[in-house]
Amino acid sequence: MKSLSITGLILLAVSALLFYLTTDFTVGGITISHMMGVMAGVGIGLIIGGMVGYVSKGSAIKAEEKKKEFKRLQKEKEELEKQAADIAKREAELHQNQNPQI
């Protein structure tokens, strides 16, 4: 996003320079071709912005899915560790009951 903003500012500066060189910033010097250029620039900017937004949203959704999967796997690991501890405890109790010490 940062590089896209910098690119946008550079293009805005170039367009202001070209506008200054062609019209001297006078209202009488503005022609229909200038208005068409402005509308085309806005249209291209919206198209590029839409594509960048779509890509960044897709990346954010994938990252969120990975986080959820990681958390789910952590919970599953904790549950398996608890089950393994319980099984070990039961086996130890069973082993003590089978071999009572006198």
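Cut-offs used in this document
Residues numbered from 1 in each chain as written. Predicted model: local features only at pLDDT ≥ 70, side-chain atom pairs only at ≥ 80, totals over all residues. Heavy atoms only, no water. 1 Å grid on protein atoms, 1.4 Å probe; cavity = no way out; pocket = protein on both sides within 12 Å on 5 of 7 lines; lining within 4 Å. Points joined across faces, edges and corners; volume = space filled by probe spheres on them. Helix = DSSP H or I, 4+ residues; strand = E, 2+ residues; numbered from the N terminus. Patch = residues over 30% accessible without salt bridge, like charges linked within 9 Å, V, L, I, M, F, W, Y side chains within 5 Å. Areas by Shrake-Rupley, 256 points an atom, 1.4 Å probe, with all protein chains shown as cover. Salt bridge = Lys/Arg side-chain N within 4 Å of Asp/Glu carboxyl O.

> So, the layout of surface pockets: which residues are in play, and what are the values?
As a volume, the largest pocket reaches approximately 730 Å³. Leu-11, Leu-12, Ser-15, Gly-41 and Val-42 are the residues nearest the centre of the largest pocket, which is lined by 21 residues in total. Counting only elements with at least two residues in the lining of the largest pocket, the list comes to α1 (2–23) and α2 (32–98).

> Quick one: what's the story with the environment of Gln-74, residue by residue and with numbers?
By the secondary structure assignment, Gln-74 is in helix α2. Sequence separation between Gln-74 and Ser-3 is 71 residues; the distance between their C-alpha atoms is 36 Å.

> Mind laying out a nonpolar patch on the surface, listing which residues take part and the relevant values?
Taken together, the side chains of Ile-6, Ile-10, Val-14, Leu-17, Leu-18, Tyr-20 and Leu-21 define a hydrophobic patch exposed on the protein surface, amounting to about 680 Å² of accessible area. Here Leu-21 lies in helix α1.

> I'd like a description of the pattern of salt bridges, backed by residues and values.
Under the defined criterion, the tally for this structure stands at two salt bridges. Put simply, Arg-72 and Glu-69 hold a salt bridge, and the shortest N to O gap is 2.6 Å. Of this pair, Arg-72 and Glu-69 are both found in helix α2, three residues apart, which corresponds to roughly one turn of the helix. The partner of Glu-76 in a salt bridge is Arg-72, with the nearest N and O atoms 3.0 Å apart. Of this pair, Glu-76 and Arg-72 both sit in helix α2, four residues apart, roughly one helical turn. Connected through salt bridges with shared partners, the residues Glu-69, Arg-72 and Glu-76 form a single ionic network.

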